[in-house]
Amino acid sequence: MSEQRRALITGISGQDGSFLAEFLLEKGYEVFGLVRRTSISSLERLEGFEDQVTLLPGDLLDASSLMSVLEQAQPHEVYNLAAQSFVPTSWSEPVSTAEVTALGVTRLLEAVRHVCPEARFYQASTSEMFGQAPAPQTEQTPFHPRSPYGVAKVYAHWATVNQRESYDRFAVSGILFNHESERRGQEFVTRKISRAVARISLGLQDKLVLGNLEARRDWGFAGDYVRAMWLMLQQDEPEDLVIATGVTHSVEQFCERAFAEVNLDWRKHVETSSRFCRPAEVDQLVGDATRARELLGWQPELSFEDLVRRMVTWDLHRVRQIEEQSHTAAPDLSR
Ligand code: NAP
Ligand code: G4F
């Protein structure tokens, strides 16, 4: 009988980490997740399968913790999904973003090289690295990042390529375009919209304030994208790939679609404010994932329309649930 495969996921508490953990468990992997200490638990996304994964304490800022986690897990595959991933925060905290999102990757690559050099390594790269480069963007498109986050990810991308070229390691960088789900953080625009649509339709708020409505993104479904991550590590040869749907929509179009799900006119509820605009914007992202289709046989399954419906439906359910709980909760007299 062959040995059970072991995978270590950094960023397991995040959107992608939770989908990837579920995916790998279904494939029969033993799954380890690196989690950092937070003042309140950030493991909500692992609800329902938390007891099937082994969580190990560590932080991309702390090299010794990475060595210790790798020694305990002895993984065959390492998926580095941990990052300070919210683009606006990278302007308010550029140095800490670089520490985690750029240098953190070097710390992890070096730790893997010393502890388990045979482990295959996946780096979560991003279409933000393309920035203002003309669309459609492919593996050959030169990078022109427009945020400290994008700059940090370009460093991490090349650090991964360099480990591959220097030490003949299986290390790859997946250049993923925006992917969303009901597990997306509430500060990202799609989830901000789907949640507000739910609250507005239930009469809990009236307005939604956004920034640039003209920005265009190639939005896919996170569940489809973690499948591509795994496929990239199953190839005979390591290769960096673009993962995208090839279809782009504006923030305005996302609003229109989401409000239409609850039969509301987005124009009556959406306002804009410069507060949510960025010092430098990425105007348009559209990925060409031809190479991934050829090599991995990968293509997205959920359409833009189904993605929006899924997110709005989930938020309607969730907001109703929270409302019901707040009305039925008994006062806590013990404090
Ligand atoms: P996410 O939901 O923001 O998750 C980020 C994860 O990183 C969380 O688990 C977070 O842990 C962890 N983390 C942050 N700082 C850390 C540190 N110092 N040490 C250890 N862990 C740390 O992001 P996501 O959307 O799942 O994205 C996953 C990865 O793909 C990220 O690297 C992101 O930059 C990249 N990416 C995302 C997209 C997209 O559209 N979603 C597209 C391209 C690339 P806590 O729970 O403790 O905060
Ligand atoms: O949802 P966003 O914050 O995602 P963004 O900046 O594209 O970054 C996400 O995707 C990247 C892949 O390309 C990842 F690497 C990154 O980690 C993250 O997951 O913003 C999308 C667009 C932007 O153009 C922004 O200016 O929506 C625009 N927008 C308009 N109003 C807004 C808002 N974004 C946010 N977050 N909030 C607004 O109110």
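Throughout, a residue's number is its position along its own chain's written sequence, starting from 1. Labels follow written order: the first chain is A, the first ligand is 1, and so on. Under the rules for a predicted model, residues below a pLDDT of 70 receive no local features and side-chain atom pairs below 80 are neither given nor counted, while totals for whole chains, interfaces and linings still include all residues. Processing note: side-chain calculations cover all non-hydrogen atoms of the structure and skip hydrogens and water entirely.

A. Fine view of the domain arrangement of the protein chain. You can read the domains of the protein chain as domain 1 (6-181 + 219-243) and domain 2 (189-216 + 249-280 + 303-325). Segmentation of the chain into domains, including their bounds, is taken from an automatic or database domain assignment. On a C-alpha basis, the centroid separation for the pair domain 1 and domain 2 is 28 Å. The contact rule is simple, with two residues in contact once any of their heavy atoms fall within 4.5 Å. Each partner contributes to the interface: domain 1 provides eleven residues, whereas domain 2 provides 15 residues. Summed over both partners, buried area is the accessible surface (1.4 Å probe) that two parts give up on being assembled. Taken over both partners, the interface formed by domain 1 and domain 2 buries close to 1100 Å², and the fraction arising from carbon and sulfur atoms is 69%. We count a salt bridge whenever a side-chain nitrogen from Lys or Arg sits within 4 Å of a carboxyl oxygen from Asp or Glu. At the junction of domain 1 and domain 2, the tally comes to one salt bridge. Of the charged contacts in the structure, one is a salt bridge between arginine 318 and glutamate 44, with a shortest N-O distance of 3.8 Å.

B. A look at the site of ligand 1. In these notes, residues near a molecule or strand are those with any non-hydrogen atom within 4 Å of it. Around ligand 1 lies a shell of 26 residues, among which Ser13, Asp16, Asp59, Ser85 and Tyr149 are the nearest. Under the rule applied, a polar contact is a pair of N or O atoms within 3.5 Å (in protein, one hydrogen donor and one hydrogen acceptor; residues adjacent in sequence only if both atoms are side-chain atoms). Between leucine 60 and ligand 1, the recorded distance is 3.0 Å, taken from a backbone N or O atom to a nitrogen atom. Between ligand 1 and serine 85, the relevant distance is 2.6 Å, taken from an oxygen atom to a side-chain nitrogen or oxygen of the residue. Per-residue accessibility takes into account occlusion by the displayed protein chains alone, with areas from the Shrake-Rupley method and a 1.4 Å probe. For ligand 1, whose unbound accessible area comes to 910 Å², protein coverage reaches 90%. Strands here mean DSSP runs of E at least two residues long; helices mean DSSP runs of H or I at least four residues long; both are numbered from the N terminus. Mapped by element, the contributors of at least two residues to the shell around ligand 1 are helix H1 (15-26), strand E5 (120-126) and helix H5 (148-167).

C. How the structure looks around the site of ligand 2. Taken together, the neighbourhood of ligand 2 is formed by 23 residues, with Thr126, Ser127, Tyr149, Arg278 and Glu281 sitting nearest. One nitrogen or oxygen atom from the side chain of serine 127 is found 2.6 Å from an oxygen atom belonging to ligand 2. Within the backbone of glycine 211, a nitrogen or oxygen atom sits 2.8 Å from a nitrogen atom of ligand 2. Each residue is assigned to one class: nonpolar for Ala, Val, Leu, Ile, Met, Phe, Trp, Tyr, Cys and Pro, charged for Asp, Glu, Lys and Arg, and polar for all the others, Gly among them. When the residues that make up the shell around ligand 2 are grouped by side-chain class, the tally is ten nonpolar, six polar and seven charged. When residues of the shell around ligand 2 are assigned to domains, at least three map to each of domain 1 (6-181 + 219-243) and domain 2 (189-216 + 249-280 + 303-325).

D. Here's a closer look at the packing of helix H8 (residues 251-260) against helix H10 (residues 304-328). Here an axis means a line fitted to C-alpha atoms, over the contact stretch when the element is a helix, while the angle between two N-to-C directions is reported on a 0 to 180 degree scale. Relative orientation of the contacting elements H8 and H10 amounts to 55°, with a least axis distance of 9 Å. Regarding the angle of H8 to H10, the classification is oblique. As for the relative orientation of H8 and H10, their crossing is right-handed in sense. Contact residues: Phe254, Arg257 and Ala258 in H8; Phe304, Glu305, Val308, Arg309, Met311 and Val312 in H10. Looking at the contact of H8 with H10 residue by residue, the class counts come to six nonpolar, no polar and three charged. Any angle that is under 35 degrees is reported as roughly parallel, and any over 145 degrees as roughly antiparallel; angles of 65 to 115 degrees are reported as roughly perpendicular and all others as oblique. Whether a crossing is left-handed or right-handed is set by the direction in which the near helix is turned from the far one by less than a right angle, anticlockwise for left-handed and clockwise for right-handed.

E. View of the sheet that holds E5. Pairing between two strands is assigned when DSSP locates at least 2 bridges connecting them. Taken in spatial order, the seven strands make up an open sheet running E3-E2-E1-E4-E5-E6-E11, and their pairing is parallel. The strands lining the two open edges of the sheet, one partner per strand, are strand E3 (54-57) and strand E11 (241-243). If you compare each strand with its neighbour and ignore which way they point, the axes differ by 25° on average. Sheet topology note: the strand E1 (residues 6-10)/strand E2 (residues 30-35) ladder contains five bridges and is parallel. Its bridge partner being in E2, isoleucine 9 is matched across the sheet by glycine 33.

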